[in-house]
Amino acid sequence: MAPSHAQPAQPVLSCRDVEKLYGTRDNVTRALDGVSFDVAAGEYVAIMGPSGSGKTTLLNCVSTIDRPTSGHIYVDGQDITALRPGQLSRFRRERLGFVFQDSNLLDTLTARENIALALTINHTPAKEVAARVGGVARRLGVADVLDKFPHEMSGGQKQRVAAARAIVTDPSLVLADEPTGALDSRNSRLLLESLEELNDAGATIIMVTHDSFAASYARRALFLKDGRVWNELVRGTKTRKTFFNEIMDVVSFLGGEGADVR
Ligand SMILES: Nc1ncnc2c1ncn2[C@@H]1O[C@H](COP(=O)(O)OP(=O)(O)OP(=O)(O)O)[C@@H](O)[C@H]1O
């Protein structure tokens, strides 16, 4: 039999011994204390953990908003901790998609213009912009609000427009920071179902959340504690309900240690 030359697929994201220290020598906070994990193409990973465990710091380092004190972060094999300031905005625009708690849409632009913005900045031809915006808007169920301004949309619609904006450039990685934090339960569910569908269609998603229900939509949950990866749960073939119960068990255990887990 011919030898197989198949290489394991390169992870989309690889964090290696990431440390982030804040403060001065006399008053140091070790927000990340040697975090290492990989995210493969097409994965959907929830990052959980008590308040102060380092979730936001980790997301900020992956999104290049902040720089680790030591360690390396690779996106598609490229060490993003080595990017020069002038390369960062291009990296973010081309490789990352963001969904924040507050949709962060620009008030003076319509939904269509908000979704199209990164493509316009990249000088994508108008015909392709129209086709891509129409496609993602249909997938996220916001095709009927494309000509509305943010103040004319519901909170749920704004978040789904933000999700459409995050994926329209076909980024390597979608980073969601408490995306359901400001939504009621119906709109949370709609957004989570949309993210799940995007993941089914191939998007790689990392979502920071306090919410076990939201995390149960992911395929894997990583738990941070005191700046370290403390535990990991994989959904596998389990139902979402079973996965939710497993997540709740870990959350209550962490909470049982006096941590503030909402
Ligand atoms: N700019 C900063 N200067 C000093 N310390 C900071 C700074 N940012 C975060 N920290 C500290 O780093 C640790 C991790 O904070 P981080 O915001 O990443 O936690 P988190 O898990 O996102 O918390 P939460 O769930 O409350 O948002 C905390 O102890 C926090 O006080």
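Residues numbered from 1 in each chain as written. Predicted model: local features only at pLDDT ≥ 70, side-chain atom pairs only at ≥ 80, totals over all residues.

- An unreviewed UniProt entry annotates the chain as ABC transporter ATP-binding protein of Thermophilibacter gallinarum.

Looking at the environment of leucine 140
Next, step 1: Tracing the backbone through its elements, the reader meets leucine 140 in the loop between helix H4 (126–139) and helix H5 (155–167).
Next, step 2: The exposure class of leucine 140 is buried, given the 25 C-beta atoms found within 10 Å.
Next, step 3: Each C-alpha atom of the pair leucine 140 and leucine 191 lies 8.3 Å from the other, and the pair is 51 residues apart in sequence.
Next, step 4: Sequence-distant contacts of leucine 140, defined by excluding residues within four places in its chain, comprise Arg160, Ala163, Ala164 and Ser194. (Helix = DSSP H or I, 4+ residues; strand = E, 2+ residues; numbered from the N terminus. Buried ≥ 20, exposed ≤ 12 C-beta atoms within 10 Å, placed from the backbone. Contact = placed C-beta atoms within 7 Å.)

Looking at the packing of helix H3 (residues 111–121) against H5
Next, step 1: In contact at an axis separation of 7 Å, H3 and H5 are set at 25° when each is read in the N-to-C sense. The pairing of H3 with H5 is recorded here as roughly parallel in orientation. Relative to H5, the crossing made by H3 is right-handed. Between H3, through Ala111, Asn114 and Ile115, and H5, the contact on the second element is made entirely by Val161, Ala164 and Arg165.
Next, step 2: Residue composition of the contact of H3 with H5, grouped by class: four nonpolar, one polar and one charged. (Axes fitted to C-alpha atoms, helices over the stretch in contact; angles between N-to-C directions. Parallel < 35°, antiparallel > 145°, perpendicular 65-115°, else oblique. Left-handed = near helix turned anticlockwise from the far one by under 90°. Nonpolar A, V, L, I, M, F, W, Y, C, P; charged D, E, K, R; others polar.)

So, the site of the ligand
Next, step 1: Around the ligand lies a shell formed by Tyr22, Gly23, Thr29, Ala31, Gly49, Ser51, Gly52, Ser53, Gly54, Lys55, Thr56 and Thr57.
Next, step 2: For the shell around the ligand, the element with the highest residue contribution is helix H1 (residues 55–62), accounting for three residues.
Next, step 3: By residue class, the composition of the shell around the ligand is two nonpolar, nine polar and one charged. (Near = placed C-beta within 6 Å.)

As for the pairing of strand S9 (residues 220–225)
Next, step 1: With five of its six residues buried, S9 lies for the most part within the structure.
Next, step 2: Here four bridges tie strand S3 (residues 44–48) to S9, and the two strands are oriented parallel to one another. Within the sheet, the bridge partner assigned to alanine 46 lies in S9 and is alanine 221.
Next, step 3: By the bridge criterion, six bridges tie S9 to strand S10 (residues 228–234) in an arrangement that is antiparallel. Counterpart to lysine 225 in the pairing with S10 is arginine 228.
Next, step 4: Hairpin remark: S9 followed by S10, antiparallel, with two residues in the connecting loop; positive phi at aspartate 226, about 50°. (Pairing = 2+ DSSP bridges.)

Digging into the sheet that holds strand S7 (residues 173–177)
Strands pair in a sheet through their backbones, by hydrogen bonds, and they do so in one of two ways: parallel or antiparallel.
Next, step 1: The sheet built from six strands is open, its strands ordered S6-S7-S8-S3-S9-S10 with mixed pairing. Unpaired on one side and paired on the other, strand S6 (96–99) and S10 mark the two borders of the sheet. The average angle at which neighbouring strand axes cross in this sheet is 20°, direction not considered.
Next, step 2: Of the pairings in the sheet, the one linking S7 to strand S8 (residues 205–208) comprises four bridges and is parallel in character. Across the sheet, residue leucine 175 finds its bridge partner in S8, namely isoleucine 206.

Some points on the packing of H5 against helix H6 (residues 185–200)
Each pair of packed helices gets described by two things: the angle between the helix axes and the distance between those axes.
Next, step 1: In contact at an axis separation of 9 Å, H5 and H6 are set at 15° when each is read in the N-to-C sense. One element, H5, and the other, H6, form an angle in the roughly parallel class. The interaxial crossing formed by H5 with H6 has right-handed handedness. Contact with H5, carried on its side by Gly155, Gly156, Gln159, Arg160, Ala163 and Ile167, involves Asn187, Leu190, Leu191, Ser194, Leu195 and Leu198 of H6 and no other residues of that element.
Next, step 2: Grouping the amino acids of the contact of H5 with H6 by side-chain chemistry returns six nonpolar, five polar and one charged.

Here we look at the pairing of S6
Next, step 1: The side-chain alternation of S6 yields two buried faces, one formed by Leu96 and Phe98 and the other by Gly97 and Val99.
Next, step 2: Direction of pairing for S6 relative to S7: parallel, over a ladder of four bridges. Residue pairing in the sheet places leucine 96 in a bridge with leucine 173 of S7.

Observations concerning unusual backbone geometry
Next, step 1: In the Ramachandran plot, threonine 64 falls in the positive-phi region, its phi being about 65° despite a non-glycine side chain.
Next, step 2: Examined against the element boundaries, threonine 64 turns out to sit in the loop between H1 and strand S4 (70–75).
Next, step 3: Given 20 C-beta atoms within 10 Å, threonine 64 falls into the buried group.
Next, step 4: The backbone of aspartate 226 sits at a positive phi, close to 50°, despite the residue not being glycine.
Next, step 5: Assignment of secondary structure puts aspartate 226 in the loop between S9 and S10.
Next, step 6: A count of 15 C-beta atoms within 10 Å places aspartate 226 in the partly exposed class.

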